[in-house]
Each structure stands twice: as structure tokens, then as C-alpha cells.
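# Descriptive analysis of the structure
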Amino acid sequence: MRILYVSKLAPHLGIRRVHEVGRRLVDKGHEVTVLSAATHRHQPREETVDGMQVLATRTAPAVLRRGDRVGF
């Protein structure tokens, strides 16, 4: 089965529940994709984490995307 999670953070960057459930689904043979907001300046747009495909989308204008406390 193909499963899509929509999450505000990538599973390996803070959403433990998505990470745990997604990893278990992958272990059972499912194809898991996680669509999340890109929260770090150098976060890749696409990566594989524990068998899950993680797609990070930019959700704020470039001027606001930075790694300090004020940016997204």
C-alpha cells in the first residue's frame, strides 16, 4: 500500500509519532512518503529516512527562511 503522511516537520526532525508509525509500516512492506515543511535552510528537498521518502517543501518566502530563532 502507498501511504502519504502530511506533517509540519520531517519525521527525523521532531515528529516522533510519524517516524515510529512510518518505520513500522515500511517494515511491513508499505511505501511511505512524508510531505513536510522545510524547517532548516540546508534541508534537502527529498531524502530517504528509515525507508520513508521525505519531501520537504518551502513554506515561507526566502527572506524568512533562515536558521535563527525568528526564521521558519
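Higher on the page you've got the structure.
Reading the values: rules and limits
- Residues numbered from 1 in each chain as written.
- Predicted model: local features only at pLDDT ≥ 70, side-chain atom pairs only at ≥ 80, totals over all residues.
- Heavy atoms only, no water.
- Core = buried A, V, L, I, M, F, W, Y, C linked by side-chain atoms within 4.5 Å.
- Buried < 20%, exposed > 50% of the residue type's maximum accessible area, 1.4 Å probe, protein only.
- Helix = DSSP H or I, 4+ residues; strand = E, 2+ residues; numbered from the N terminus.
- Pairing = 2+ DSSP bridges.
- Axes fitted to C-alpha atoms, helices over the stretch in contact; angles between N-to-C directions.
- Expected span 1.5 Å × (residues − 1).
- Arc of directions from axis to C-beta.
- Contact = heavy atoms within 4.5 Å.

### Some details on the nonpolar core
Counting seven residues, the largest nonpolar core consists of Ile 3, Val 18, Leu 25, Val 26, Val 32, Val 34 and Met 52. When residues in this core are grouped by element, the largest group, three residues, is from helix α1 (residues 16-27).

### Observations concerning the pairing of strand β3 (residues 46-49)
As paired strands, β3 and strand β4 (residues 52-57) are joined by four bridges and run antiparallel to one another. Each residue of the ladder has a partner; that of Glu 46, found in β4, is Leu 55. In this antiparallel pair of consecutive strands, β3 and β4, the connection spans two residues, and Asp 50 shows a positive phi of 50°.

### Re the sheet that holds β3
Strand order in the open sheet made by the four strands is β1-β2-β4-β3, with mixed pairing throughout. Looking at which strands have only one partner, the edges of the open sheet turn out to be β1 (2-7) and β3. Going from strand to strand, the sheet's axes swing by 25° on average, the running direction of each strand aside.

### Details of α1
With twelve residues, α1 extends 16 Å between its outermost C-alpha atoms, agreeing within 8% with the 16 Å of an ideal straight helix rising 1.5 Å per residue. Those residues of α1 that fall on the buried side of the exposure criterion are Val 18, His 19, Gly 22, Leu 25 and Val 26. One face of α1 carries all of its buried residues, which in axial projection span an arc of 135°. Turned more than 90 degrees from where α1 packs its buried face, Arg 16, Arg 17, Arg 24 and Asp 27 sit exposed. Buried positions along α1 lie against β1, β2 (31-37), β3 and β4. After α1 finishes, the residue Gly 29 shows a positive phi value of roughly 100°.

As far as function goes, none of this settles anything; it's purely spatial.
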